[in-house]
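# Secondary and tertiary structure notes
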Amino acid sequence: GDGDGAVSAAVEARGLGYRFGGTAALADVSFDVAPGELFGFIGPDGAGKTTLFRILVTLLVPAAGEARVLGLDVVRDPWAIRSRV
């Protein structure tokens, strides 16, 4: 947010990473989605789309980087995020 209660980005991701054993599911993923913006991910099976969304809805904890949804940190504020998504 920017201090006045408004959220500057609906979703913010910085350097997200996640591994399943020796396989990188996500590596250094960064992006922003503005409130009201339509934003999509396309890619082949195994590209990391589901893993990314599981991190954003707090079902997985990222191994690297950080993410915020509606101004809330996915690691520190999972219950607040879950009540909103």
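Every value quoted in this text rests on a predicted model; they were computed, and no experiment measured them.

We now examine the layout of surface pockets. Volume-wise, the largest pocket comes out at about 190 Å³. What lines the largest pocket is simply A10, V11, F31, V33, F39, F41, F53, L56, V57, V69 and L70. Looking at the lining of the largest pocket, the elements that each hand over two or more residues are β2 (23-33) and α1 (49-56). Residues that form the lining of the largest pocket fall into these classes: 11 nonpolar, no polar and no charged.

A separate point is the packing of aromatic side chains. What the rule picks out here adds up to 5 aromatic pairs. Plain terms: the ring middles of F31 and F39 are 5.4 Å apart, the flat faces sit at 20 degrees to each other, and that makes the pair stacked. On the basis of relative accessible area, F31 is assigned to the buried category, the value being 10%. Residue class for F39 comes out partly exposed when judged on its relative accessible area of 38%. Over the ring of W79 we find R82; its NZ or CZ atom is 4.5 Å from the centre of that ring.

Calculation notes
- Residues numbered from 1 in each chain as written.
- Predicted model: local features only at pLDDT ≥ 70, side-chain atom pairs only at ≥ 80, totals over all residues.
- Heavy atoms only, no water.
- 1 Å grid on protein atoms, 1.4 Å probe; cavity = no way out; pocket = protein on both sides within 12 Å on 5 of 7 lines; lining within 4 Å.
- Points joined across faces, edges and corners; volume = space filled by probe spheres on them.
- Helix = DSSP H or I, 4+ residues; strand = E, 2+ residues; numbered from the N terminus.
- Nonpolar A, V, L, I, M, F, W, Y, C, P; charged D, E, K, R; others polar.
- Phe/Tyr/Trp six-rings, centres within 6.5 Å; stacked < 30°, edge-to-face > 60°.
- Buried < 20%, exposed > 50% of the residue type's maximum accessible area, 1.4 Å probe, protein only.
- Lys NZ or Arg CZ within 6 Å of the ring centre and 35° of its normal.

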